[in-house]
Amino acid sequence: LAAWVSWTCDDAFISFRYAQNLVQGHGLVYNAGERVEGYTNLLWTLFVAAGLALGAGAEPWADIFGLIAYGGVLVLLFSFHLDLRRTLPIRRFTLPVACLVAAAHPDLRLFATSGLETSAFTFGVLAGYTLLARGLIGGTLRPLACGAVFGLCTLLRPDGIVFAAVATLAIGIASERRARDVALFAGAVGTFWAGATVFRVAYYGAYVPNTYYAKSAYLPWQIGRAHV
């Protein structure tokens, strides 16, 4: 059904244009010669650029991998249900409720395509939390690997850092080696986040994407008044 209602959101074409200019040698820009970070999904934009470099069209490339990520979300939810059945003393028949609700959710299904990073980000965050939960429950937490997954999420969308912060709190509460694991996890996340920030400052001359200023209610008027 998600494939049947496949569509492309107008916002996705912002990333597509950045990706196209990158492949054509103009750099990661919307207009050649103007370095403005008008996207908020660095990793997804680079992924679309990889598809263009391989000769694929941006729309089908983004839609196909969006569908794959959506399928991955359902698989993760179902596999975690099976993990809980093996871990908890459950003797009765149970339903994978989270998986079924996700499959029936109209917005999750709708944004399985759209050309945006929504499905990939959802899969990444869910994969991170699945690794985290399995590690904390089984005492086999791998903070570096888990942190790397959440670090990649921060490159898919800026709000990935919020999910990473919640994961850090969970490790600090539930891990048997909380100080070590928190340090390793935060270090892995921070490596990705700091790397993206260094690139942003060096290439665009700003600590946050331009959309932060454009979509903040007060800042555009304040900045415009200052320039006048």
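Quick caveat, the model's predicted, so the values are computed rather than measured.

(A) Inspection of the overall build of the chain at higher detail. Scanning the chain from N- to C-terminus turns up 11 helices and zero strands. When the helices and strands of the chain are read in sequence order from the N terminus, they spell out α-α-α-α-α-α-α-α-α-α-α. For the chain, the spread of C-alpha atoms along the three principal axes comes to 70 × 45 × 35 Å. Among the 228 residues that make up the chain, the fraction classed as buried is 36%. Considering only intrachain contacts with a sequence separation of at least 6, the fraction spanning at least 24 residues in the chain is 65%. Carbon and sulfur atoms provide 67% of the accessible area of the chain, an area that totals close to 12,700 Å². Positive and negative side-chain charges of the chain, numbering 16 and 12 respectively, have mean locations separated by a distance of 11 Å.

(B) Inspection of the environment of L43 at higher detail. Here L43 shows up in helix α2 (residues 42-53). Residue class for L43 comes out partly exposed when judged on its relative accessible area of 28%. Considering only alpha carbons, one finds L43 and R157, 114 residues apart in sequence, at a separation of 8.4 Å. With residues near it in sequence (within four places) discarded, L43 still touches L152, L155 and L156.

(C) Broad picture of the pattern of salt bridges. Under the defined criterion, the tally for this structure stands at four salt bridges. Residues D83 and R134 are paired through a salt bridge, measuring 2.4 Å at the closest nitrogen-oxygen approach. With a gap of 51 residues between them, D83 in helix α3 (residues 58-87) and R134 in helix α6 (residues 118-138) connect regions that are remote in the sequence. The partly exposed category is assigned to R134, whose relative accessible area is 34%.

(D) Highlighting the side chain of E37. With respect to the element layout, E37 can be found in the loop between α1 (12-23) and α2. Given a relative accessible area of 5%, E37 falls into the buried group. Separated by 2.7 Å, the side chains of E37 and R200 make a polar contact. Excluding anything up to four places from it in sequence, E37 contacts Y18, R200, Y204, V208, P209, N210 and T211.

(E) Highlighting the packing of aromatic side chains. By the definition in use, this model includes 16 aromatic pairs. On the numbers, 5.6 Å between centres and 70 degrees between planes, the contact of W7 with F111 is edge-to-face. Here the residue W7 occupies a position in the segment before α1, and F111 occupies one in the loop between α5 (106-110) and α6, the gap between them amounting to 104 residues. Since its relative accessible area comes to 26%, W7 is described here as partly exposed. One aromatic cluster is present, formed by Y18, Y30, Y39, F199, Y203 and Y204 through successive ring pairs. One residue, R17, lies across the ring of Y30, its end atom 4.4 Å from the ring centre. Of note, R157 hangs over the ring of F121, and the distance from its end group to the ring centre comes to 4.7 Å.

(F) Broad picture of the packing of α2 against helix α7 (residues 143-156). The contact between α2 and α7 brings their axes to 5 Å, and the two run at 80 degrees. By the angle between their directions, the pair α2 and α7 is classed as roughly perpendicular. Contacts between α2 and α7 pair L42, L43 and W44 from the former with L152, L155 and L156 from the latter. In terms of residue class, the contact of α2 with α7 is made up of six nonpolar, no polar and no charged.

(G) The side chain of T113, seen in detail. One can find T113 in the loop between α5 and α6. Here T113 falls in the buried class, since its relative accessible area comes to 0%. If near-sequence neighbours (up to four positions away) are discounted, T113 is found in contact with A2, V5, S6, W7, D63 and L67.

(H) Here's a closer look at the packing of α6 against helix α8 (residues 160-174). One way to put it is that α6 packs onto α8 with a least axis distance of 11 Å and a crossing angle of 5 degrees. Here α8 runs roughly parallel to α6, going by the angle between their axes. From α6, F121, V125, Y129, L132 and L136 reach across to α8, where they touch G160, F163, V166, A167, A170, I171 and A174. Looking at side-chain class alone, the contact of α6 with α8 contains 11 nonpolar, one polar and no charged residues.

Quick notes on the rules
One numbering rule holds for all chains: residues counted from 1, following each sequence as written. Local features in this predicted model are restricted to residues of pLDDT 70 or higher, and side-chain atom pairs are both shown and tallied only at a pLDDT of 80 or more, whereas totals for entire chains, interfaces and linings draw on every residue. Side-chain metrics rest on all non-hydrogen atoms present in the structure, leaving aside hydrogens and water. Per the convention used, a helix needs a DSSP run of H or I reaching at least four residues, while a strand needs a run of E reaching at least two, with both numbered from the N terminus. A simple rule labels every residue: compare its accessible area, found with a 1.4 Å probe on the protein chains alone, to the largest value its type can have, and call it buried under 20%, exposed over 50%, or partly exposed in between. Pairs of residues are marked as contacts when any of their non-hydrogen atoms sit within 4.5 Å. Accessible areas in this description were obtained via Shrake-Rupley with a 1.4 Å probe; residue shielding takes into account the shown protein chains only. Positive charges come from Lys and Arg alone, negative charges from Asp and Glu alone, with His and the N- and C-terminal ends not counted. For the purpose of locating charges, the reference atoms are NZ of Lys, CZ of Arg, CG of Asp and CD of Glu. The working definition used for a salt bridge is a side-chain nitrogen of Lys or Arg within 4 Å of a carboxyl oxygen of Asp or Glu. Polar contact is the term for a pair of N or O atoms within 3.5 Å; when the atoms are in protein, one must be able to donate a hydrogen and the other to accept it, and sequence-neighboring residues count only if both atoms are side-chain atoms. Side-chain rings of Phe, Tyr and Trp, where Trp is taken by its six-membered ring, are said to pair if the distance between their centres is within 6.5 Å; with planes under 30 degrees apart they count as stacked, over 60 as edge-to-face, and otherwise as tilted. Any Lys NZ or Arg CZ found within 6 Å of a ring centre and within 35 degrees of that ring's normal is scored as a charge over the ring. In this analysis, axes come from line fits to C-alpha atoms, helices being fitted only over the stretch in contact, and the angle between any two N-to-C directions falls in the range 0 to 180 degrees. Roughly parallel means an angle under 35 degrees; roughly antiparallel means over 145; roughly perpendicular covers 65 to 115; every other angle is labelled oblique. Residue polarity follows a fixed list, in which Ala, Val, Leu, Ile, Met, Phe, Trp, Tyr, Cys and Pro are nonpolar, Asp, Glu, Lys and Arg are charged, and the others, Gly among them, are polar.

Everything listed here is a matter of coordinates, which is why it stays silent on function.
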